[in-house]
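Listed below, chain by chain, are the residues.
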Amino acid sequence: MSNHAETKNLTQQDATMPAPAPKNFDSFVKLFVNLLKRRRRLFWTVFALAMIGVIAGAYVKRPYYESSASILVTLDTPSVSSSGSEVRRVVASLEADEVIASQVELIKTRQLAEELVDVLPESVFTKKPSDKWYIRLVSGTVATLTNAARGALERLLLVEKTSERYKRVRFVEKGLNVFAIRRAQMLIVSFQSKDPEDPQVVLNGLIDLYTRKVTELRNKAEGYQLYTRQATRLSEELSAAEKSLSAFMIEHKVLDFDTERQRLLARVNSLSAVVDALANAGADINPGDARYFVTGPDAPPQIVQMMASLNNLIVERARLKVSFASTHPDVQRLQTQIDTIRAELQREMERLATVKKLDRERLQAMLDIAPEYNRLFRSVRILTDAYEVYRKAASDQETTAERDQKVLTQVVDPPNKTYTPLPPNRLMLILAGLVFSLVLALAIVTLTEWISSVYPAGKQAEAAA
């Protein structure tokens, strides 16, 4: 009886003790199959739950779409100059790999991402809810729980609160990928998003900003910009000086200061000689009086004609008076003609005297404004000369800069709209989930068997102690 009890106890202990290691693969397979038979309920439960989660995730998960663009980056070293300027410049020689690496870093800068966020449409960042109710349910639940957890952590000061702009910048940075094909001197720029419309829109905006940034950096690095800015400043000052000079000339009714002054001076001198000669002439003179014959080369034509007629009549009257008395009709007729011409000459002299007076006044007024005119004209001339110097210097420097190495970028493959999502697709996810569910179920069954075999042995050891 006691032997039977001991045999029974040994049998129970053998049942609770872990099975000995299999001696070959067949025995291991049999042992594993027996394990699955004993734990088949646990195995199928874990497998079913895992597959349900995988299938739900495969249908809820939104696929990613990607668009890419190729940018060719080259170094240009033209040798043609458009001017005779020969300015020797020392320029560092650039390697193609260095240029490609610098362009990659330029595209990935935070400043470019910030500028891109400002130019992208609002539809890139604000999405409409999905048309599928189960996706709205799951995404809404996840968003609510995430926001609640985030808010709690922010109130506890465990995480920092992020602004909406920072989230948009991070969205751009996370979706952007840039890599270089160095031997081909090519940049591949790609963007991933859950919306198939976003990658093309984002890449178009990014390439436009990048191209302008490269041009801006090249212009800032070239020395002719200094001369260009100086020429621009002088151009503005020259425009202001020219406006002041124009306003001054309009105010004083001057079209051409130097020409008008020379013309007035010449006319005053000419009229002075004529008017003074006529004013000093007597009522009746001898035929050989030179004052009536010499009127100057600048005398008005009508004065010259009247003086010639008057001299001829005086000579004719003197000839007749030798033979006839003063009361002779021919002498009287000549005297009447002489008096008429003298009256006309007197009226013309008065008119010329008035013109001479006005010209003198105008000439004096121009002499009075001459200092201010000279100052304004001198300012315009100095600014014009300075502007021409800097303009030519800027042109020469720009021409010289064209011979130096510079980076040229060209989009050889623009971004296009994507129609198919990135792998893995839904079928691949479910197949991978099937394998994962099988491995997970086997792992849990094996772990459960190991724990159930180890735990009784440990309890007996505690009881024996």
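Keep in mind the model is a prediction, meaning the values are calculated, not measured. (Residues numbered from 1 in each chain as written. Predicted model: local features only at pLDDT ≥ 70, side-chain atom pairs only at ≥ 80, totals over all residues. Heavy atoms only, no water.)

**Q** Now, about the overall build of the chain: what can you tell me, with residues and values included?
**A** Counting its secondary structure elements, the chain contains 13 helices and four strands. Relative to its 465 residues, the chain shows a buried fraction of 27%. The contacts of the chain with a sequence gap of at least 6 include a subset with a gap of at least 24, amounting to 83%. Accessible surface, the chain: about 30,700 Å² in total, of which carbon and sulfur atoms supply 58%. (Helix = DSSP H or I, 4+ residues; strand = E, 2+ residues; numbered from the N terminus. Buried < 20%, exposed > 50% of the residue type's maximum accessible area, 1.4 Å probe, protein only. Contact = heavy atoms within 4.5 Å. Areas by Shrake-Rupley, 256 points an atom, 1.4 Å probe, with all protein chains shown as cover.)

**Q** Account for the side chain of Lys213, with residues named and values stated.
**A** Here Lys213 lies in helix α8 (residues 198-221). Under the relative-accessibility criterion, Lys213 is labelled buried at 11%. One polar contact links Lys213 to Glu115, side chain to side chain, over a distance of 3.5 Å. Every residue in contact with Lys213, bar those within four places of it in the chain, is listed here: Leu106, Gln111, Leu112 and Glu115. (Polar contact = N/O pair within 3.5 Å; in protein donor to acceptor, adjacent residues only side chain to side chain.)

**Q** Before we move on, could you go through the pairing of strand β2 (residues 176-181) and cite the residues and values that matter?
**A** Relative to strand β3 (residues 186-193), β2 runs antiparallel, the two being bridged by six bridges. Its bridge partner being in β3, Leu176 is matched across the sheet by Phe191. Following β2, the chain reverses through four residues before pairing antiparallel with β3; Gln185 in that reversal takes a positive phi of roughly 55°. (Pairing = 2+ DSSP bridges.)

**Q** Please give an account of the environment of Thr446 that cites residues and values.
**A** Relative to the helices and strands, Thr446 resides in helix α13 (residues 426-464). Residues Thr446 and Phe32, 414 residues apart in the sequence, show an inter-C-alpha distance of 8.8 Å. Aside from chain neighbours lying at most four places away, what touches Thr446 is Phe32 and Leu35.

**Q** Give me the lowdown on a nonpolar patch on the surface, citing residues and values where you can.
**A** There is a patch of nonpolar side chains on the surface, built from Phe25, Phe28, Val29 and Val33 and spanning about 360 Å² of accessible area. Along the chain, Val33 falls in helix α2 (residues 25-38). Overall, Val33 belongs to the partly exposed group, its relative accessible area being 35%. (Patch = residues over 30% accessible without salt bridge, like charges linked within 9 Å, V, L, I, M, F, W, Y side chains within 5 Å. Salt bridge = Lys/Arg side-chain N within 4 Å of Asp/Glu carboxyl O.)

**Q** Mind laying out the nonpolar core, listing which residues take part and the relevant values?
**A** Core analysis: the biggest nonpolar cluster contains 29 residues, and Ile107, Leu187, Val189, Leu206 and Tyr210 have the highest contact counts within it. Elements with a minimum of two residues in this core: β1 (65-76), α4 (96-107), α5 (110-119), α7 (164-175), β2, β3 and α8. The greatest single-element share of this core, amounting to seven residues, is contributed by α8. When neighbours within four sequence positions are excluded, Tyr210 is seen to be in contact with Ile71, Val73, Gln103, Leu106, Ile107, Leu112, Leu187 and Thr409. The next biggest cluster of nonpolar side chains, apart from the first, holds 17 residues, and it includes Met249, Val254, Phe257 and Ala370. (Core = buried A, V, L, I, M, F, W, Y, C linked by side-chain atoms within 4.5 Å.)

**Q** With reference to specific residues and values, describe the packing of aromatic side chains.
**A** All chains considered together, the criterion is met by six aromatic pairs. For the pair Phe171 and Phe191, a centre-to-centre distance of 5.7 Å together with 75° between the ring planes defines the contact as edge-to-face. Of this pair, Phe171 sits in helix α7 while Phe191 is found in strand β3, placing the two residues 20 residues apart along the sequence. Note on Tyr373 and Phe377: the rings are 5.8 Å apart at their centroids and 15° apart in plane angle, and the pair reads as stacked. With a gap of four residues between them, Tyr373 and Phe377 both fall in helix α12 (residues 329-401), about one helical turn apart. (Phe/Tyr/Trp six-rings, centres within 6.5 Å; stacked < 30°, edge-to-face > 60°.)

**Q** An account of the pattern of salt bridges is requested, with residue identities and associated values reported.
**A** According to the stated counting rule, one finds 13 salt bridges in the structure shown. For Arg39, the salt bridge identified is with Glu449, shortest N-O distance 3.1 Å. Of this pair, Arg39 sits in the loop between α2 and α3 (40-60) while Glu449 sits in helix α13; the two residues are 410 residues apart in sequence, bridging distant segments of the chain. On the accessibility criterion, Arg39 (23% relative accessible area) is partly exposed. Across the pair Glu372 and Arg375 runs a salt bridge, and its minimum N-O distance is 2.6 Å. Taken together, the residues Glu372 and Arg375, both in helix α12 and three residues apart, mark about one turn of the helix. In this structure, a network of salt bridges that share partners links the residues Arg38, Arg39 and Glu449.

**Q** Please give an account of unusual backbone geometry that cites residues and values.
**A** A negative phi holds for most residues other than glycine; trans holds for most peptide bonds. Of note, the bond from Pro423 into Pro424 is cis; its omega dihedral lies within 30 degrees of zero at 5°. Following the sequence through the fold, Pro424 ends up in the loop between β4 (406-413) and α13.

**Q** Outline the packing of α5 against α7, listing residues and values.
**A** Following both chains from N to C, one finds α5 and α7 inclined at 110°, their axes separated by 9 Å at the closest point. If you check the angle between α5 and α7, you find them roughly perpendicular. Crossing hand, α5 versus α7: right-handed. Between α5 and α7, the contacting residues are Arg110, Ala113, Glu114, Leu116, Val117 and Asp118 on the first element and Arg165, Tyr166, Arg168, Val169, Val172 and Glu173 on the second. A per-class count over the contact of α5 with α7 returns six nonpolar, no polar and six charged. (Axes fitted to C-alpha atoms, helices over the stretch in contact; angles between N-to-C directions. Parallel < 35°, antiparallel > 145°, perpendicular 65-115°, else oblique. Left-handed = near helix turned anticlockwise from the far one by under 90°. Nonpolar A, V, L, I, M, F, W, Y, C, P; charged D, E, K, R; others polar.)

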